[in-house]
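The residues making up each chain are set out below.
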Amino acid sequence: MSLNILLVDDSATMRAMIARTLQISRLPIGQIYQASNGQEGLDILEREWIDIVIADINMPVMNGLEMIERVREKPEYADLPIVVVST
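Residues numbered from 1 in each chain as written. Predicted model: local features only at pLDDT ≥ 70, side-chain atom pairs only at ≥ 80, totals over all residues. Heavy atoms only, no water.

Asker: I tried to follow the sheet that holds strand E4 (residues 82–84) on my own but got confused; where do I start?
Answerer: Backbone-to-backbone hydrogen bonds join strands into a sheet, with any given pair of strands oriented parallel or antiparallel. In spatial order, the strands read E2-E1-E3-E4; together these four strands make up an open sheet with parallel pairing. Where the open sheet ends on each side, the last strands, each with one partner, are strand E2 (29–35) and E4. Recorded for the sheet is a direction-independent mean angle of 20° between the axes of neighbouring strands. Of the pairings in the sheet, the one linking strand E3 (residues 52–55) to E4 comprises three bridges and is parallel in character. Its bridge partner being in E4, Val53 is matched across the sheet by Ile82. (Pairing = 2+ DSSP bridges. Helix = DSSP H or I, 4+ residues; strand = E, 2+ residues; numbered from the N terminus. Axes fitted to C-alpha atoms, helices over the stretch in contact; angles between N-to-C directions.)

Asker: Can you walk me through the pattern of salt bridges in this structure?
Answerer: Pairing between side chains of opposite charge can happen when the charged atoms of each approach one another. Enumeration over the complete set of coordinates arrives at one salt bridge. Residues Glu46 and Lys74 are paired through a salt bridge, measuring 2.8 Å at the closest nitrogen-oxygen approach. Remark: Lys74 occurs in the loop between helix H3 (64–72) and E4 and Glu46 occurs in helix H2 (residues 38–47); sequence separation between them is 28 residues. Judged by relative accessible area, which is 31%, Lys74 ranks as partly exposed. (Salt bridge = Lys/Arg side-chain N within 4 Å of Asp/Glu carboxyl O. Buried < 20%, exposed > 50% of the residue type's maximum accessible area, 1.4 Å probe, protein only.)

Below you can see the structure in the form of C-alpha cells.
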C-alpha cells in the first residue's frame, strides 16, 4: 500500500527538501501533493485521498494551526495523521 502525502509549507525549498527526504526514505510513497498555505491544503484534501499531512505553522492566507482546526472539524478527517514541521 502506498502513501499519499500532502506537504503544506509556504517555502518551496522546504517542500522540496521534505519531498526528497520522503522519496529516499524507502517508504511506499504514492503521490506527494504540495500546497503553499493552509487554504490550498484544504482544497487538496477535498479533491484527493491523503494518508498523512506534513504542515508548517507560519504561512500566509491560512496558517497551519487554522488549517489543522478546520481539518479536525470534519469527522472524515478525525484520524488523519498530521505532522507539524516548523522553524
